[in-house]
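Next come the chains, spelled out residue by residue.
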Amino acid sequence: MASSSGNDDDLTIPRAAINKMIKETLPNVRVANDARELVVNCCTEFIHLISSEANEICNKSEKKTISPEHVIQALESLGFGSYISEVKEVLQECKTVALKRRKASSRLENLGIPEEELLRQQQELFAKDQFDNLDKHTQWGIDFLEKYAKFVKERIEIEQNYAKQLRNLVKKYCPKRSPKDEEPRFTSCIAFFNILNELNDYAGQREVVAEEMGHRVYGELMRYSHDLKTERKMHLQEGRKAQQYLDMCWKQMDNSKKKFERECREAEKAQQSYERLDNDTNATKADVEKAKQQLNLRTHMADENKNEYAAQLQNFNGEQHKHYYIVIPQIYKQLQEMDERRTIKLSECYKGFADSERKVIPIISKCLEGMILAAKSVDEHRDSQLVIDCFKSGFEPPGDFPFEDYSQNIYRTISDGTISTPKQEGMRIDSKTTVGKAKGKLWLFGKKPKWSVKMGPALEDFSHLPPEQRRKKLQQRIDELNRELQKETDQKDALIKMKDVYEKNPQMGDPGSLQPKLTETMSNMDRLRMEIHKNEAWLSEVEGKVAARSDRRHSSDINHLVTQGRESPEGSYTDDANQEVRGPPQQHAHPNEFDDEFEDDDPLPAIGHCKAIYPFDGHNEGTLAMKEGEVLYIIEEDKGDGWTRARRHNGEEGYVPTSYIDVTLEKNSKANTWQLSLLEQEDVF
């Protein structure tokens, strides 16, 4: 019965407190025991109701401890708002009393615990509070790790977008040239295209950087962050479980202590009751015996509770020592190692972030060096020569205007010091015809011909083009036809070999099935040969005309070296150059003999000079031996066979290997030999 009454006391308000409250509130009124019991039950029920509501409010607020604010909110939600002001006053009084108790160390002094032990317990409690700080710190570390991972992700997106924009830029400005595009490739254009290629490679390296960062840094960070969260959660759960177990031990010890304290008080009361009855002469023996039995019972229960309290206290002290000296330090150490590993992982990721960029620096440097080399490869002279070769027409420059003498019909006396013009019908020049012809020769520098203004349809022999352009077009067509002929020849050889294989091994195929294809190939070869022959004939015609113009231009250049007043065919001097050209036919009865004599006496003009890079023996017929560093005249360029025709200063001529010499062509390749000799001597010496 006593045990059951003790359990009821644990679940209710102490009756002593209720009795004190009744006496303070109603000092002159006597309250029955049943009424007192009813008041106790009502107070207990009220406290349970308020506690349940406050607990729900605490859970909704995601808190672990019920605070005074939660109790006040529970009173307001249950309709006891009128009590709130008094509750707040009582709360303030409790805080004041608690503050005074903390200041007054009488209770601690009565415990008999030394100051060092109190300091140790205070440090242990402080270590318990540090568990929450470590919780916050480890959470901050994970948040910082994820923040850096987000930074790396954004950097990867920047690199990817940058590489994509560079590739789009290169694609936008890359040339879209068809195979038939014959636009001359200037060195500046080629350099720009090479720069675009290097820039495309550079964009590829930016993609490599993004890929390396994504694989080595971002991916590793995300995986490690997930593992770190799992490990942290496990360690914190272990710490909370250890703390909960220690709290449970403390509650058990505290309950046993309270029971022991309560039984001791009950035993003291029983002893006082027994002593009073024992000293009371009016008490019966039965009452004394009953009081004595009650005393023995209370004393026995006090001893049992004392033993239980001692066991619980010993157990709690052992668990507390284990908690603060073994379990919690171990958990703290694991959290410390976890945080250190996080720091090391961040350091590795920082290094990997930089290494991703450093790995591509050599390749990026090569790309930049390629751009610099492309810039250095720009050659303005070569570009100018390409323009000249592209637009070179091959037409002759216009000749001199003839002198038109209008004084032939005027009769006057010819003095010895005058310049006279023979009165001959054959030398009379029609002014309209002459002026018209002269005007017709000015188209290159003045008025353009009709074909240059309004181009007609392209002809098969390219006769609508200027001579030089026509020669280039014909040469290109001949080269293309030769390549097609070579393909057809290779195909014919392959068909013949296949036919032989089929004839030797009939199971592999029918030889007759290849005959149509072979016939078609032979027909294509004949057609291509005819086309090549026809184009070569046109090319020979064009080259012949160009050579004739070159000879005439060469003869004109030599004639211009003579002084303005020269000897006429009759032996007299005249200032009119056209009179000599337009003289009677009998004065030049043998023009062919004159041309042959001119070709035999005058060597080919020099079109440049060269310097020997390597020595050449020249044992073969037609070759010219040379020493290293020797300077020679160039009289004929390399036609594509690897040989250049050259001449020494003593007039010895021959062919030398083009790869053995450093060639310098003169700007005016049509100048006469005497002028080129002077230019070459200046260049050489």
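Above this text sits the structure in question.
Scoring rules and cut-offs
- Residues numbered from 1 in each chain as written.
- Predicted model: local features only at pLDDT ≥ 70, side-chain atom pairs only at ≥ 80, totals over all residues.
- Heavy atoms only, no water.
- Helix = DSSP H or I, 4+ residues; strand = E, 2+ residues; numbered from the N terminus.
- Buried < 20%, exposed > 50% of the residue type's maximum accessible area, 1.4 Å probe, protein only.
- Contact = heavy atoms within 4.5 Å.
- Areas by Shrake-Rupley, 256 points an atom, 1.4 Å probe, with all protein chains shown as cover.
- Pairing = 2+ DSSP bridges.
- Salt bridge = Lys/Arg side-chain N within 4 Å of Asp/Glu carboxyl O.
- Axes fitted to C-alpha atoms, helices over the stretch in contact; angles between N-to-C directions.
- Patch = residues over 30% accessible without salt bridge, like charges linked within 9 Å, V, L, I, M, F, W, Y side chains within 5 Å.
- Core = buried A, V, L, I, M, F, W, Y, C linked by side-chain atoms within 4.5 Å.
- Expected span 1.5 Å × (residues − 1).
- Bend = angle between axes of the 7 residues up to and from the residue.
- Phe/Tyr/Trp six-rings, centres within 6.5 Å; stacked < 30°, edge-to-face > 60°.
- Parallel < 35°, antiparallel > 145°, perpendicular 65-115°, else oblique.
- Nonpolar A, V, L, I, M, F, W, Y, C, P; charged D, E, K, R; others polar.
- Polar contact = N/O pair within 3.5 Å; in protein donor to acceptor, adjacent residues only side chain to side chain.

This brings us to the overall build of the protein chain. Regarding its fold elements, the protein chain presents 18 helices and seven strands. Relative to its 685 residues, the protein chain shows a buried fraction of 27%. Long-range contacts, defined as pairs at least 24 residues apart, comprise 69% of the intrachain contacts of the protein chain with a sequence gap of at least 6. As displayed, the protein chain has an accessible area near 48,100 Å², and 53% of this comes from carbon and sulfur atoms.

Note that strand β4 (residues 631-636) and strand β5 (residues 643-647) share three bridges and pair antiparallel. Its bridge partner lying in β5, Ile 634 is registered against Ala 646. Here β4 folds back onto β5 in antiparallel fashion, the turn holding six residues, of which Gly 640 has a positive phi close to 110 degrees. The loop that links β5 with its antiparallel partner strand β6 (residues 653-657) comprises five residues; one of these, Gly 651, has a positive phi angle of about 95 degrees.

Here we come to the pairing of β4. Consecutive side chains of a regular strand alternate in pointing toward one face of the sheet and then the other. Among the six residues that make up β4, five are buried, leaving the element largely enclosed by the rest of the structure. Where strand β3 (residues 608-612) meets β4, four bridges bridge the pair, whose relative direction is antiparallel. Of the residues in β4, the one forming a bridge with His 609 is Tyr 633.

With that settled, the discussion passes to the pattern of salt bridges. According to the stated counting rule, one finds 26 salt bridges in the structure shown. Linking Arg 155 and Glu 159 is a salt bridge whose minimum nitrogen-to-oxygen distance equals 2.8 Å. You can see Arg 155 and its partner Glu 159 sitting in helix α7 (residues 115-173), four residues apart, about one turn around the helix. With a relative accessible area of 5%, Glu 159 lands in the buried category. The residue Arg 342 makes a salt bridge to Asp 339 at a minimum N-O spacing of 3.0 Å. Of this pair, Arg 342 and Asp 339 both sit in helix α9 (residues 285-359), separated by three residues, roughly a single helical turn. Both residues of the pair, Arg 342 and Asp 339, belong to the buried class.

Adjacent strands of a sheet pair through backbone hydrogen bonds, lying either parallel or antiparallel. Strand order across the open sheet formed by five strands is β6-β5-β4-β3-β7, with antiparallel pairing between neighbours. With one partner strand each, in any of the chains shown, β6 and β7 (661-665) form the two edges of the open sheet. Sheet twist, expressed as the average angle between the axes of neighbouring strands with direction ignored, equals 40 degrees. Pairing between β3 and β7: five bridges, direction antiparallel. In the sheet register, Gly 608 faces β7, and the bridge partner there is Leu 665.

Another aspect to go through is unusual backbone geometry. In this structure, Glu 62 is a non-glycine residue whose phi angle is positive, near 60 degrees. Here Glu 62 falls in the exposed class, since its relative accessible area comes to 73%.

Attention now moves to a nonpolar patch on the surface. A contiguous nonpolar patch, built from Phe 46, Ile 47 and Tyr 83 and spanning about 260 Å² of accessible area, is present on the exposed surface. In this structure, Tyr 83 sits in the loop between α4 (68-77) and α5 (84-103).

To continue, consider the nonpolar core. In summary, soluble globular proteins display a tendency toward joint burial of nonpolar side chains. Residues Leu 145, Tyr 148, Val 152, Leu 199, Val 217, Leu 221 and Leu 228 are the most contacted members of the largest nonpolar core, which totals 33 residues. Of all the elements in the fold, those that place two or more residues in this core are α7, α8 (187-279), α9 and α10 (361-376). With 13 residues, α8 is the single largest residue contributor to this core. When near neighbours in sequence (up to four residues on either side) are disregarded, Tyr 148 contacts Val 217, Leu 221, Leu 346, Cys 349, Tyr 350 and Phe 353. With eleven residues, the next largest nonpolar core counts Ile 607, Leu 632, Ile 634 and Ile 661 among its residues.

In an α-helix, one full turn covers 3.6 residues, which means residues spaced three or four apart are oriented alike. With 75 residues, α9 extends 106 Å from end C-alpha to end C-alpha; this agrees with the ideal 111 Å at 1.5 Å per step. Its maximal kink placed at His 323, α9 deviates by approximately 45 degrees.

Taken as a whole, α4 has its buried residues at His 70, Ile 72, Ala 74 and Leu 75. Looking one or two residues beyond α4, the residue adopting positive phi is Gly 79, at roughly 90 degrees.

Think of a pair of aromatic rings as described by two things: how far the centres are apart, and how the planes are tilted against each other in angle. Taken as a whole and assessed by the stated rule, the structure comprises twelve aromatic pairs. When the ring of Phe 46 is compared with that of Phe 80, the centres are 5.2 Å apart and the planes differ by 85 degrees; the resulting orientation is edge-to-face. Here Phe 80 lies in the loop between α4 and α5 and Phe 46 lies in helix α3 (residues 33-60), a separation of 34 residues in the sequence. On the basis of relative accessibility, which here comes to 32%, the residue Phe 46 falls in the partly exposed class. The class for Phe 80 is partly exposed, based on a relative accessible area of 22%. The structure contains a cluster of three or more aromatic residues connected by ring pairs, namely Tyr 148, Phe 151, Tyr 350 and Phe 353.

As a further point, take the packing of α8 against α9. In contact at an axis separation of 6 Å, α8 and α9 are set at 170 degrees when each is read in the N-to-C sense. With respect to their mutual orientation, α8 and α9 come out roughly antiparallel. For the contact of α8 with α9, the class distribution of residues is 34 nonpolar, 16 polar and 24 charged.

To continue, consider the side chain of Glu 630. Within the secondary structure, Glu 630 is located in the loop between β3 and β4. A distance of 2.7 Å separates the side chain of Glu 630 from the side chain of Arg 648, its partner in a polar contact.

Geometric values such as these leave the question of function open.
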